[in-house]
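Here is what each chain is made of, one letter per residue.
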Amino acid sequence: MTLSIGAVRLLGSPLCAGDLAVVAYNTDYTDSFAWVAFRDIPPNTLIHFTNSSVSNGWFRWGDHLGRTVSPGPLTWTSPNLLKEGTVVTWIAGTQKCWSVGILSGGGMTLSAEGDQIFAYTGKINHNVAGTSPWLGDASDAVMLFGLNFANGGWDNVTGGASRSYIPSGLSSGDHTAVHAGKWDNGYYSGIRTGTVSKLLRSIDSLAKWTSSSDYISPGQWPTFFLIEPPRGTLISVE
């Protein structure tokens, strides 16, 4: 097994920013999306997804996380190891399900007027210390990735659901907060082989996305990635 120079995290270590990336989305027809694992994810790991926006570090609570019907977040887990490079799709049609893994929580209604998808572990809590509607306290959450789309980009706009600030733990500089352009639907169509850092940089390039104002069949989305050198059961920090 080849390891890069630097500190090494064991398989059972917590997930951190950049250990996955959202690589496709549809706001039309099915409100589906896909993400790729950039490391082996241990069995029974809980990963949460929400499209609630962020302002000044607080999540907008009622849109998804704390709504009264089918509250979020949308959660993924699996009793089996998820191998690095695996692409997981959220299918939000008649039968709402993950292509791999087990569903819990409430699904998201993605907006063609602008939206975002955040992946995280831990918990976003309701906290009245915030300013309504920004009552989601993410101090107990670890942000993994954020994708922003169908608008002009990341923006700290108070009161809006279709624009979002980048939450703490993610950064456009390290390619864990990506803007995919102004289109309603899109998928990453760039390279799918390389180091994690190389792949994240590529995903963060608008030129590497195929986008449309019309629905894109998930059959066109990426289905696998090849991490080179393989990370395997020992995860090296790049």
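Preceding block: the structure.
Residues numbered from 1 in each chain as written. Predicted model: local features only at pLDDT ≥ 70, side-chain atom pairs only at ≥ 80, totals over all residues. Heavy atoms only, no water.

## Details of the packing of aromatic side chains
The criterion, for reference: Stacked, tilted and edge-to-face are the three classes assigned to paired rings of Phe, Tyr and Trp, where Trp is represented by its six-membered ring and a pair needs centres within 6.5 Å; plane angles under 30 degrees give stacked, over 60 edge-to-face, the rest tilted. Strands are runs of DSSP state E lasting at least 2 residues, helices are runs of H or I lasting at least 4, and numbering of each runs from the N terminus. Accessible area is worked out with a 1.4 Å probe on protein chains only. A residue is then buried under 20% of its type maximum, exposed over 50%, and partly exposed in between. Definition used: whenever NZ (Lys) or CZ (Arg) falls within 6 Å of the ring centre and also within 35 degrees of the ring normal, the charge is taken to sit over that ring.
Summed over the entire model, instances satisfying the criterion amount to 14 aromatic pairs. With a centroid separation of 5.4 Å and 50 degrees between ring planes, the pair formed by phenylalanine 49 and tryptophan 98 is classed as tilted. Taken together, the residues phenylalanine 49 in strand 4 (residues 47–50) and tryptophan 98 in strand 9 (residues 97–98) connect sequence positions 49 residues apart. A relative accessible area of 0% places phenylalanine 49 in the buried class. Clustering of aromatic rings is evident, with ring pairs tying together Tyr25, Phe38, Phe149, Tyr188, Trp209 and Phe225. Its end group placed over the ring of tryptophan 134, arginine 60 keeps NZ or CZ at 5.6 Å from the ring centre.

## So, helix 1 (residues 196–203)
Each α-helix turn comprises 3.6 residues. Residues three or four places apart therefore point the same way. Cut-off, in case you're wondering: The directions from the helix axis to the C-beta atoms are what the arc is built from.
Residues Val196, Leu199, Leu200, Ser202 and Ile203 constitute the buried set of helix 1. Down the axis of helix 1, the buried side of the element spans an arc of 160 degrees, and every buried residue falls inside it.

## Side note on unusual backbone geometry
The residue after serine 132, namely proline 133, is reached through a cis peptide bond having omega 5 degrees. Looking at the secondary structure, you find proline 133 in the loop between strand 11 (115–131) and strand 12 (134–149). Cis geometry marks the peptide bond from glutamate 228 to proline 229, where omega comes out at -5 degrees. By the secondary structure assignment, proline 229 is in the loop between strand 17 (226–227) and strand 18 (234–236). Phi at aspartate 31 takes a positive value of approximately 50 degrees, unusual for a residue other than glycine. Here aspartate 31 lies in the loop between strand 2 (20–26) and strand 3 (33–37). Positive phi outside glycine occurs at asparagine 44, with the angle close to 70 degrees. Residue placement: asparagine 44 occurs in the loop between strand 3 and strand 4.

## Let's talk about the side chain of serine 78
Formally: N or O atoms within 3.5 Å of each other form a polar contact, as long as, within protein, one can give a hydrogen and the other can take it, and as long as residues adjacent in sequence are counted only when both atoms are side-chain atoms.
Within the element layout of this structure, serine 78 appears in the loop between strand 7 (74–77) and strand 8 (87–91). From its side chain, serine 78 meets the backbone nitrogen of asparagine 80 in a polar contact 3.1 Å long.

## Some words on the sheet that holds strand 9
Definition in use: Paired strands are those between which DSSP finds at least two bridges.
Strand order in the open sheet formed by six strands is 9-8-3-2-14-16, with antiparallel pairing between adjacent strands. Of all strands in the sheet, those with a lone pairing partner are strand 9 and strand 16 (209–212), marking the two edges. By the bridge criterion, four bridges tie strand 3 to strand 8 in an arrangement that is antiparallel. Of the residues in strand 8, the one forming a bridge with phenylalanine 33 is tryptophan 90.

## So, the pattern of salt bridges
How we decide: For salt bridges, the criterion is a side-chain nitrogen of Lys or Arg within 4 Å of an Asp or Glu carboxyl oxygen.
Taken as a whole, this structure holds four salt bridges when the rule is applied. Here aspartate 40 makes a salt bridge to lysine 83, at a shortest N to O gap of 3.3 Å. With aspartate 40 in the loop between strand 3 and strand 4 and lysine 83 in the loop between strand 7 and strand 8, the pair connects residues that are 43 residues apart, well separated along the chain. Here aspartate 40 falls in the buried class, since its relative accessible area comes to 0%. In this structure, the salt-bridge partner of arginine 163 is aspartate 155, at a minimum N-O distance of 3.3 Å. Judged by relative accessible area, arginine 163 falls into the partly exposed class, the value being 26%. What makes aspartate 155 partly exposed here is its relative accessible area of 29%.

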